[in-house]
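The primary structure of each chain is shown beneath.
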Amino acid sequence: MKKLSSLFVCLLLLVVGCKDKPGEKQEQNSEQQTSTEQSAQTENMPIELAILNDKQSPFYIDVENYGDIDKNLPIGVFDSGTGGLTVLDALVRYDENNNESGEKGKDGTLDFTNEKFIYLADQANMPYGNYFSADKSDLLKEHIIKDVQFLLSDSYYTTAEKKERSEDKSKIKAVVVACNTATAYGMKEIEAFLKKTDLGIPVIGVIDAGARGVLAEFEKDEAGAIGVFATVGTIASEGYENTIIRQKEALGYTGNIQVFNQGGHGVAEAIDGEPDFIDRKATAPRDNYRGPGLNSKEYAIDRTLLDVYNFDFDHSKMLCDSENTDDCQIMQINDTENYIRYHLVSLMEKIRKSENPQPLKALVLGCTHYPYMTKTIKEVFNELYNYKGNGDDYVYRDYMTEDVKIIDPAVYVAKELYDVLKERDLVNDSADMFADSEFYISVPNIDNPNTALDQVGKFTYDYKYGRDAGNIQEYVKRVPFTKQNIPDDIVERLKTSIPSTFKMITEFNSHNPKMKEVPASDKIQ
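These notes cover the structure that comes with them. (Residues numbered from 1 in each chain as written. Predicted model: local features only at pLDDT ≥ 70, side-chain atom pairs only at ≥ 80, totals over all residues. Heavy atoms only, no water.)

### Thoughts on the packing of helix α4 (residues 85–92) against helix α18 (residues 499–511)
At step 1: At a closest axis distance of 8 Å, the pairing of α4 and α18 adopts a crossing angle of 100°. As judged from the angle between their axes, α4 and α18 are roughly perpendicular. Contacts between α4 and α18 pair Leu85, Leu88, Asp89 and Val92 from the former with Ser500, Thr501, Met504 and Ile505 from the latter.
At step 2: Classifying every residue of the contact of α4 with α18 gives five nonpolar, two polar and one charged. (Axes fitted to C-alpha atoms, helices over the stretch in contact; angles between N-to-C directions. Helix = DSSP H or I, 4+ residues; strand = E, 2+ residues; numbered from the N terminus. Parallel < 35°, antiparallel > 145°, perpendicular 65-115°, else oblique. Contact = heavy atoms within 4.5 Å. Nonpolar A, V, L, I, M, F, W, Y, C, P; charged D, E, K, R; others polar.)

### A look at unusual backbone geometry
At step 1: Of note, the amide linkage connecting Met126 to Pro127 takes the cis form, showing an omega dihedral of 5°.
At step 2: By the secondary structure assignment, Pro127 is in the loop between β2 (117–121) and α5 (137–152).
At step 3: We note that Asp135 has phi near 60°; this positive angle belongs to a residue other than glycine.
At step 4: Considering the arrangement of structural elements, one finds Asp135 in the loop between β2 and α5.
At step 5: On the basis of relative accessibility, which here comes to 65%, the residue Asp135 falls in the exposed class.
At step 6: Phi angles above zero are rare outside glycine, and Asp198 is one such case at about 60°.
At step 7: Its place among the elements puts Asp198 in the loop between α6 (180–197) and β4 (203–205). (Buried < 20%, exposed > 50% of the residue type's maximum accessible area, 1.4 Å probe, protein only.)

### Some remarks on the state of the cysteines
At step 1: If you walk through the whole model with that rule in mind, you get one disulfide.
At step 2: With a sulfur-sulfur separation of 1.5 Å, Cys320 is cross-linked through a disulfide to Cys328. Taking the torsion about the S-S bond as the criterion, the Cys320 to Cys328 disulfide, at about -115°, is left-handed.
At step 3: Considering cysteine sulfurs only, Cys367 is the nearest to Cys179, which forms no disulfide, with 6.9 Å between them.
At step 4: With relative accessibility at 4%, the residue Cys179 sits in the buried group.
At step 5: Its relative accessible area of 6% is what places Cys367 among the buried residues. (Disulfide = S-S within 2.5 Å.)

### Some remarks on the packing of α5 against α6
At step 1: It is the contact of α5 with α6, at a shortest axis distance of 9 Å, that shows an interaxial angle of 60°. Judged by the inter-axis angle, α5 sits oblique to α6. Here α5 and α6 pass one another in a crossing that is right-handed. For the pair formed by α5 and α6, the contact residues are Ser137, Leu140, Lys141, Ile144, Ile145, Val148 and Leu152 on the first element and Thr181, Ala182, Tyr185, Gly186, Glu189, Ile190, Phe193 and Leu194 on the second.
At step 2: Here the residues of the contact of α5 with α6 sort into ten nonpolar, three polar and two charged. (Left-handed = near helix turned anticlockwise from the far one by under 90°.)

### Observations concerning α5
At step 1: Relative to the 22 Å expected for 16 residues at 1.5 Å per residue, α5 spans 23 Å between its end C-alpha atoms, a close match to the ideal helical length.
At step 2: A large share of α5 lies buried, amounting to 14 of its 16 residues. (Expected span 1.5 Å × (residues − 1).)

### As for the sheet that holds strand β11 (residues 438–444)
At step 1: One open sheet accounts for six strands, arranged β4-β3-β1-β2-β11-β12; its pairing is mixed. The sheet terminates laterally at β4 and β12 (476–480), the two strands that pair on one side only. Sheet twist, expressed as the mean angle between neighbouring strand axes with direction ignored, is 20°.
At step 2: Where β2 lies against β11, four bridges are found, and the strand directions are parallel. Across the sheet, residue Tyr119 finds its bridge partner in β11, namely Phe439.
At step 3: Packing against the sheet, α6 makes contact with β1 (75–79), β3 (174–177) and β4, and its axis sits at approximately 170° to β4. (Pairing = 2+ DSSP bridges.)

### A look at the sheet that holds strand β5 (residues 224–230)
At step 1: Strand order in the open sheet formed by four strands is β6-β5-β9-β10, and the pairing between neighbours is parallel. Both outer strands of the open sheet, β6 (257–263) and β10 (400–407), are each paired with one neighbouring strand and no more. Direction aside, neighbouring strands of the sheet carry axes that sit 20° apart on average.
At step 2: Each of β5, β9 (360–365) and β10 touches helix α13 (residues 374–385); the most contacted strand, β10, lies at about 170° to it.

Next comes the structure, spelled out in structure tokens:
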């Protein structure tokens, strides 16, 4: 009877037009969606095909003969520029475990003292945060995979002029993505790519670590606001905001914790001396300026807030078309501290004008360049807390705590890296962190006829963001850190702000055989 009933039902369905059984189509769609997602995860990007399959490609890596991932290999760290050195410095200074027993607790010996690091700054292609606004997120992901490829590979160029690659660079046992934008836009791609290599190399990113770090400043039932200060691209990805909300729920926080985002347009660029955002030789407004301005649509300097910004106008730190500030029709920021002032005031104005805002308690530095400016950030917050304007009332005091906590995610990255190495039995006990670490930076490939350079030898802005993903070529060469590719003012900043890591850089320049073709006058000391 059941068979006959089933046949009868099927005939009826044929008569009225075959329809899916209840839930059947939904199940099929779900299966198709899962299949599509799996296909997307396994589909190779052109750069991945070049790395994994194309033996003629300069990016090819023979992963089948890569060798074992053992504890003696270095840890690879990369960022879009020198900003990621703040993350490396946190690793260098990390001491939260007993080196003998492996148990938690400081012992006066740096936890990574017997490790060696390979650091890459993709300076030629930075800032990464602008690829999103240029609608080139796919190109950014390609750059990110190329960064990982370099860390995995054994090749580099000894100098920018060298036409042949050297092939005596060590491979790696772990990857640290020291770039917030790269983590926001490329972490899934990195994980998928490393899975395709089947090498078993772990990867650590900064955003999850930063989210946990900033939430640690709150009691479980406490209300308050978190500021996320990051590149425009990182903010647009909503990586931090979504991760903070997810972690808040997962960790059982019940208070009203609000998140306010501030995209630091121009900050990382100014720190690294990008000419489109800062020109220390300029004395008047420039045509190629791309930072905030009086007439900027997206990043307007509010004339009514000039007293709040408290810009430093001395020594061309602000460029104006008039000797009298009040008469400026063009105003351009030309100093890193002034960039910080503009953005922190913009953040506090955003909080002040929002509905039922909670006071700002902590600011997470969602860009690796920003910790260089921690002192300035604290000074500006102190000014804003005490700012009265023309009246007797404090303008911002109700919207911020007296001591806004500044959160550098790098410390939490160090913890996660240590735990992963320990779990996988990859903790080195024989290397010398200061003597054995290496530092590389990308520079425009002058042998590539397709590249377009400006007067100082950098990619033009239009070329940098006008390229298309999938056109696989060597845009850059990865070469050792030298005075030729690290400006003097940045060298001085590294020397004073991250002395431990700077010592590693000078050791690399002074004693590593890979520097033998670099003249002594070009070495960082």
